[in-house]
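# Architecture and fold: a report
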Amino acid sequence: NADALIMYAKHSYKQRNFPEAIKFYNITLNNIKFNDNIRPKILENLAMAYEMNRNFSESKSCYEESLTSYKADTDEYMECILNMAGLYTKMAEHTKAIELYEKALAYYEEKDLSMYYIELLAKTYEKYALLSLILNDFDGAKNCILKSIEYLEKFDNKETETYKLSVYGSRSHLGQLYTN
């Protein structure tokens, strides 16, 4: 059944056995009838497995198919956009990555500032900052890191591990900018 196959695929992915995860996701997609709402997430997970297995062209195809299946301007769609931006960064398609990061940031900044969106904004700005560093755009990186820290400071509970690691990472990147 589809649930068991997906469970095996996720377990294989967590164990970093990406070829096995790819196999189970493909079996699920090719042989199981399931709700159309599930298909885009399976494709996105398959894209991530291909990406981790360094098969970027297959990963890109799966992300693209997933994006056409998701309803645009939803949290799920934007999560896929962010994952694809990361893939484009790895593929050195920086202009496409920038477009996707900016699209996601625009979406998230229009949302309420619940902890969920604050965390997404902070992490997205941090990823955008790292891309800016790759492009030697130090001012852009600095601005993104400062924006990330600004959102992190809005955390209700600054004792959470997510907050501590994110602030440490952002401040560490900012420190590197000033020493280079």
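Scoring rules and cut-offs
Residues numbered from 1 in each chain as written. Predicted model: local features only at pLDDT ≥ 70, side-chain atom pairs only at ≥ 80, totals over all residues. Heavy atoms only, no water. Buried < 20%, exposed > 50% of the residue type's maximum accessible area, 1.4 Å probe, protein only. Helix = DSSP H or I, 4+ residues; strand = E, 2+ residues; numbered from the N terminus. Expected span 1.5 Å × (residues − 1). Contact = heavy atoms within 4.5 Å. pLDDT = per-residue confidence, 0-100. Phe/Tyr/Trp six-rings, centres within 6.5 Å; stacked < 30°, edge-to-face > 60°. Lys NZ or Arg CZ within 6 Å of the ring centre and 35° of its normal. Salt bridge = Lys/Arg side-chain N within 4 Å of Asp/Glu carboxyl O.

## Concerning unusual backbone geometry
Located in the positive-phi region is Arg-54, a residue other than glycine, with phi close to 65°. Given the relative accessible area of 61%, Arg-54 is considered exposed.

## Thoughts on helix 1 (residues 2–14)
Between its first and last C-alpha atoms helix 1 spans 18 Å; for 13 residues at 1.5 Å apiece the expected length is 18 Å, and the two agree. Tucked into the core, helix 1 has its buried residues touching helix 2 (18–31) and helix 3 (39–52). Of the residues one or two after helix 1, Arg-16 is the one with positive phi, at around 65°.

## Observations regarding the confidence of the model for the protein chain
The pLDDT averaged across the protein chain works out to 85; a share of 84% of its residues lies at or above 70. The least confident element of the protein chain is helix 9 (residues 161–179), whose mean pLDDT is 53; the most confident is helix 4 (residues 56–69), at 95.

## A few points about the side chain of Ser-66
Locating Ser-66 in the fold gives a position in helix 4. Classification of Ser-66 as buried rests on a relative accessible area of 0%.

## Description of the packing of aromatic side chains
All told, the structure shown has seven aromatic pairs when counted by the stated rule. With centroids separated by 6.1 Å and ring planes inclined at 45°, the aromatic side chains of Tyr-108 and Tyr-117 adopt a geometry described as tilted. Aromatic ring contacts, followed pair by pair, group Tyr-107, Tyr-108, Tyr-116 and Tyr-117 into a single cluster. In this structure, Lys-23 packs its charged tip against the face of Phe-24, placed 5.1 Å from the ring centre.

## Some words on the pattern of salt bridges
Counted by the stated rule, this structure contains eight salt bridges. The residue Lys-123 makes a salt bridge to Glu-119 at a minimum N-O spacing of 2.9 Å. Taken as a pair, Lys-123 and Glu-119 lie in helix 7 (residues 115–134) at a separation of four residues, close to a single helical turn. The class for Lys-123 is partly exposed, based on a relative accessible area of 39%. The exposure class assigned to Glu-119 is partly exposed, which follows from its relative accessible area of 25%. The partner of Lys-147 in a salt bridge is Glu-150, with the nearest N and O atoms 3.6 Å apart. Residue Lys-147 and its partner Glu-150 are located together in helix 8 (residues 138–152), separated by three residues, close to a single helical turn. Here Lys-147 falls in the partly exposed class, since its relative accessible area comes to 25%.

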